[in-house]
Amino acid sequence: LCKVYQAPVPTPGGSMRLSASALFAAAAYTPLSWDEAYPQAAKLVAQMTMEEKYSMMSGIGWTNGVLDKWWFVGNLPAVERLGIPSVNMQDAAGGFRTYWDEIIGTVTCWPSLLSMAATWDVNTMHEFSVALGQEFAGKGANTILGPSINVHRVARNGRNFEYLSGEDPFLGGKLAEQYVAGVQSQGVMTVMKHFVFNNQETNRGSEDSVVEDQTAWELYYPPFQAAVDAGVSGTMCSYNQEDGDYSCSNNRRLNEDLKGKMGFRGFVQSDWGATHATSVTSGLDMDMPMVNDPLFQPAALSKVPKKAIDEAVTRTLAAMVRMGVMNSTKCTPPACNDYFVKDVRGNHAAVALQAAKEGVVLLQNEGGVLPIGAGVGSIAVIGSAAAAKAYDPADGVWDQGDYYSGGGSGHVTASDPVSPLAGLKARAKTAGVKVVESATDDIDAAQEAAAQADIAIVVAGTTSGESQDRLNLVLDNNADQLIAGVATAAKKTVVLTMIPGAVVMPWRARVDAIATLFLGGQETGTAFASVLFGDHGPTGRLPVMLPETEADTIDPSSDAQVMYSEGMKTSYRNPKFKAAFPFGHGLAYTNFSFSAPAAASCAKGVCVTTTITNTGAAPGVAVPQAYVEFPKEANHPAPLLKGFKKTKVLQPGASEKVTFELGDRELSYWDKDWVKAGSAVVHVGASSKDFRGKVTVTTAEVVVV
């Protein structure tokens, strides 16, 4: 159904296969193994001059902080005499960055990666990632600067919308695996970022994150480990310092942890302008400057041991060989203009819509006001956010976001986004439902509109962007007051929020229903309408905790040293934090029961099973979750997510048996190394605060190698 990029014949040793998804009926690329790629890369390095090697260690294409026209955001020059193509890197993890206006309308404005996290759906994640890879490949890029997988620490972090992990390492790891596999199936190298502890934008270029080992390995490292295990090609080190050393000069984090203990075999590149030293021996393989930077130029690199230079270049070439880009790269900048302006969307609007629908989280539904049924003759759609337009950073502020896509390097300007108002009007028309419009934030007008309708739908939002953290967790344009005002005049009140992360909802007890999208992309309005009218039963779950107050979160710090003194006590793991809506929460238009969980040995280790039954009157999808409570010696503050499944659509009375496979890693904790617990309690439930049953599992205690 989709117009896809047909990958050229890969490097010898690679293979072509059909995608497992029926949605993408096109040949997909299967990467070589690292063991196959490294000897080929080493042969190329042996033939290169030192100048050619140096050229593969420093990015080009920028002049005094301005990207040259028709260059990718990141570029390495070709070495034509050896048949090595240019490396063409493009922002960002969630969509092809519309850096120039000519690109707008040629690429899809996808749901944010945080919205993808809200799907809790590995299949949807994979289909999205395949389509994303197709668009990057179609544009001539052979490298995507993603996935972004930092686990949220600070609720106000301006880049939280970019981060696929939400607030949990296990969720992030499972989705990161699908991202890497899906994008790389299209012959595009993936670069995981931002490594590591880049958890706030405040003073991001200088702050020093201090994190103890257990917190690093159990909370912040696992999504990166998962991406490494999935075969990610590159790693981007971050702007901040870690334990007194800048990220891109940090031997402990890059060499010992990433390339050593995690087993990462690809290349490490800097974030743009994040290099502070000629730190090749500390683990940095490639500098990406935006200005004239001498640190990775020949004069400086000539002082680095040749062995270290060869290793750095070999890592980059091995990733290229492994991914087949030696044969598939389409253009060398700046002769890429035809690809930059090419429309590569195909039928991806359908993929974007499905992903957005899966990411809608129904937080509250008092009295079953939703879905909108036959007894509803009119709705009022209220709030300026209902008719929100897309923002083009070329008009002024580079890091400004909108309610469809966050700001900064991760922004994609939607050419014609479906606003909530447009989506609801279109669906209401087919149902014969009258729509009363008040697309302003005037409370008097809103109350007047609400009084004329059976249901008042208030649309509110906020956004965020790179380079600065949010000032607070409040919705824009005095939306709290607008919602409270409408609730006094309406028969029934439904609130829709478009948000980049956590927000506070002090009015939640005064309204009937709440649904949210974490910046849902170009199909936002259609997705909301599909869920509200019951065409798509709500299936999303929260990838973050929505706090009762801002005091139930961690603030960004302005200190030079940012001490992660809370350890693992973030989000649902902090017993003192109160949730308005807990991590993992999300309602359906029906109810589900969970049978008592049972445990048994299986091939992976321990399998815990439960049967989910639809006990309500409407079809629906459940997302059962498994949280492991480790023994006291693990020093965990709460049970930790270690499994989740998404059921098929269950008809009323129907059941599905769900199995959580818990292997060594899921049953291990960090104590100078991974230690497998002798026993643990597995809680099964519907969210981090809604456990429905538990079972104790016993294993032999071993150190996991």
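As the structure is a prediction and not an experimental result, all values here were calculated from the model. (Residues numbered from 1 in each chain as written. Predicted model: local features only at pLDDT ≥ 70, side-chain atom pairs only at ≥ 80, totals over all residues. Heavy atoms only, no water.)

Q: What is the right way to look at the overall build of the chain in this model?
A: Looking only at helices and strands, the chain has 17 helices and 32 strands in total. In terms of C-alpha radius of gyration, the chain reaches 25 Å, essentially the compact-globule figure of 27 Å for 705 residues. Each principal axis of the C-alpha distribution contributes one length, and for the chain these read about 75 × 60 × 50 Å. Burial analysis of the chain (705 residues in total) assigns 64% to the buried set. Contacts spanning at least 24 positions in sequence make up 76% of the contacts within the chain whose residues lie at least 6 apart. (Helix = DSSP H or I, 4+ residues; strand = E, 2+ residues; numbered from the N terminus. Rg over C-alpha atoms; globule rule 2.2 N^0.38 Å. Buried < 20%, exposed > 50% of the residue type's maximum accessible area, 1.4 Å probe, protein only. Contact = heavy atoms within 4.5 Å.)

Q: Could you clarify how one ought to interpret unusual backbone geometry in this entry?
A: The general pattern is negative phi for most residues beyond glycine and trans for most peptide bonds. K193 connects to H194 through a cis peptide bond whose omega is -5 degrees. Within the secondary structure, H194 is located in strand 8 (residues 189-195). Backbone geometry places N203, a non-glycine residue, at a positive phi of 55 degrees. Here N203 shows up in the loop between strand 8 and strand 9 (208-210). What makes N203 partly exposed here is its relative accessible area of 36%. At L519, a position not held by glycine, the phi torsion is positive, near 55 degrees. On the secondary structure map, L519 appears in the loop between strand 19 (513-517) and helix 17 (524-532). Residue classification places L519 among the buried positions, given a relative accessible area of 0%.

Q: Help me understand the state of the cysteines in this model?
A: Should the sulfur atoms of two cysteines be covalently bonded, the bond is a disulfide. Tallied over the full model, the rule gives three disulfides. There is a disulfide in this structure between C237 and C248, and the S-S distance comes to 2.1 Å. In this structure, the disulfide formed by C237 and C248 twists by about 110 degrees around the S-S bond and is classed as right-handed. One end of the pair, C237, is in strand 10 (residues 234-237); the other, C248, is in the loop between strand 12 (245-246) and helix 8 (251-261), with eleven residues separating them in the sequence. (Disulfide = S-S within 2.5 Å.)

Q: Which parts of the structure should I look at to understand the sheet that holds strand 6 (residues 87-90)?
A: Across a sheet, paired strands are connected by hydrogen bonds in the backbone, their directions being either parallel or antiparallel. Taken in spatial order, the six strands make up an open sheet running 5-6-7-8-10-13, and their pairing is mixed. Whereas interior strands pair on both sides, the edge strands pair on one side only; in this sheet they are strand 5 (74-76) and strand 13 (267-270). Here strand 7 (residues 143-144) pairs with strand 8 via two bridges, running parallel. The residue of strand 8 that forms the bridge with T143 is M189. Packed on one face of the sheet, helix 8 meets strand 8, strand 10 and strand 13 and runs near 130 degrees to strand 8. (Pairing = 2+ DSSP bridges. Axes fitted to C-alpha atoms, helices over the stretch in contact; angles between N-to-C directions.)

Q: When you look at the side chain of E52 in this model, what are you seeing that I'm missing?
A: The residue E52 is located in helix 2 (residues 50-55) in this model. Given the relative accessible area of 15%, E52 is considered buried. A polar contact of 2.9 Å, which involves the side chain of E52, links it to the backbone nitrogen of T49. (Polar contact = N/O pair within 3.5 Å; in protein donor to acceptor, adjacent residues only side chain to side chain.)

Q: Got a minute to help me understand the pairing of strand 8 in this structure?
A: A regular strand places its side chains so that they alternate between the two faces of the sheet. Judged by how many residues are buried, strand 8 sits mostly within the fold: seven of seven residues are covered. In the classification by handedness, the crossover that spans strand 7, the intervening helix 5 (residues 169-184) and the parallel strand 8 is right-handed. For strand 8 and strand 10, the ladder comprises three bridges, and the chain directions are parallel. In the strand pairing of strand 10, F195 is matched with C237. (Right-handed = clockwise from strand over helix to strand, strands pointing away.)

Q: Before we go on, may I ask you to explain the pairing of strand 13 in this structure?
A: Residues F267 and Q269 point to one face of strand 13 and V268 and S270 to the other, with burial holding for every one of them. The pairing of strand 10 with strand 13 spans four bridges and is parallel. Note on strand 13: the bridge partner recorded for C237 is S270.

Q: Where do I start with the layout of surface pockets in this structure?
A: The rolling of a water-molecule-sized probe over the atoms marks out the regions of remaining empty space. When its volume is computed, the largest pocket comes out at roughly 520 Å³. Forming the boundary of the largest pocket are 27 residues, of which W62, R97, Y99, W398 and S409 lie nearest the centre. Of the residues contributing to the lining of the largest pocket, the split by class is eleven nonpolar, seven polar and nine charged. (1 Å grid on protein atoms, 1.4 Å probe; cavity = no way out; pocket = protein on both sides within 12 Å on 5 of 7 lines; lining within 4 Å. Points joined across faces, edges and corners; volume = space filled by probe spheres on them. Nonpolar A, V, L, I, M, F, W, Y, C, P; charged D, E, K, R; others polar.)

Q: Sorry, what's going on with empty space enclosed by the protein here?
A: Considering all chains together, one arrives at seven cavities of 30 Å³ or more under this definition. Its boundaries defined by the atoms lining it, the largest cavity holds a volume of some 110 Å³. Forming the boundary of the largest cavity are 16 residues, of which G94, S112, F161, S405 and G410 lie nearest the centre. By residue class, the composition of the lining of the largest cavity is nine nonpolar, six polar and one charged. Around the second largest cavity, the lining comprises 13 residues; the ones closest to its centre are R153, A155, E167, T553 and S571.

Q: Would you take a moment to explain the packing of helix 14 (residues 420-431) against helix 17 for this structure?
A: Relative orientation and spacing of two packed helices are given, respectively, by the angle between their axes and the distance between those axes. Interhelical geometry of helix 14 versus helix 17 gives an angle of 45 degrees and a closest axis separation of 7 Å. Accordingly, the angle class assigned to the pair helix 14 and helix 17 is oblique. For the pair helix 14 and helix 17, the sense of crossing is right-handed. Contacts between helix 14 and helix 17 involve P420, G423, L424 and R427 from the first element and T524, G525, T526, F528, A529 and L532 from the second. The residue makeup of the contact of helix 14 with helix 17, split by class, is five nonpolar, four polar and one charged. (Parallel < 35°, antiparallel > 145°, perpendicular 65-115°, else oblique. Left-handed = near helix turned anticlockwise from the far one by under 90°.)

Q: Would you take a moment to explain the packing of helix 1 (residues 34-47) against helix 10 (residues 306-322) for this structure?
A: The N-to-C vectors of helix 1 and helix 10 enclose an angle of 125 degrees; their axes lie 8 Å apart at closest approach. The angle between helix 1 and helix 10 falls in the class oblique. Judged by the twist between their axes, the crossing of helix 1 over helix 10 is right-handed. Taken together, the residues of helix 10 that come into contact with helix 1 (itself represented by W34, A37, Y38, Q40, A41, A42, L44 and V45) are D310, V313, T314, R315, L317, A318, A319, V321 and R322. Partitioning the contact of helix 1 with helix 10 into residue classes produces twelve nonpolar, two polar and three charged.

Q: In this structure, what is going on with the nonpolar core? I would like to understand it.
A: Soluble, globular proteins show a tendency: their nonpolar side chains are buried together. Formed by 159 residues in total, the largest nonpolar core has its most connected members in I84, Y179, L317 and I382. Every residue in contact with I84, bar those within four places of it in the chain, is listed here: L44, M48, M56, A78, V79, L317, M320 and M326. Membership of the second largest hydrophobic core comes to 35 residues, among which are A356, V369, L370 and V376. (Core = buried A, V, L, I, M, F, W, Y, C linked by side-chain atoms within 4.5 Å.)

Q: Looking at this structure, I do not really get helix 17. What am I missing?
A: Think of an α-helix as 3.6 residues a turn; residues three or four steps apart then line up on the same face. Counting buried residues along helix 17, eight of its nine residues qualify, which places the element largely inside the surrounding structure. Summarising the contacts, the buried residues of helix 17 are in contact with helix 13 (348-359), helix 14, strand 17 (455-461), strand 18 (493-498) and strand 19. Immediately beyond the C-terminal end of helix 17, within one or two residues, lies G534, with a positive phi of roughly 80 degrees.

Q: I would appreciate a short explanation of the packing of aromatic side chains in the present structure.
A: Following the criterion strictly, the structure yields 26 aromatic pairs and no others. A ring pair is formed by F197 and Y220, whose centres lie 6.1 Å apart and whose planes are at 80 degrees; its orientation type is edge-to-face. Placement of F197 in the loop between strand 8 and strand 9 and of Y220 in helix 6 (residues 213-220) is noted, with a sequence separation of 23 residues between them. Neither F197 nor Y220 differs from the other in exposure class; each is buried. Members of the aromatic cluster, each reached through a chain of ring pairs, are F195, F197, W217, Y220, Y221, F224, Y564, W670 and W674. The ring of Y564 carries R153 above its face, with NZ or CZ at 4.0 Å from the centroid. (Phe/Tyr/Trp six-rings, centres within 6.5 Å; stacked < 30°, edge-to-face > 60°. Lys NZ or Arg CZ within 6 Å of the ring centre and 35° of its normal.)

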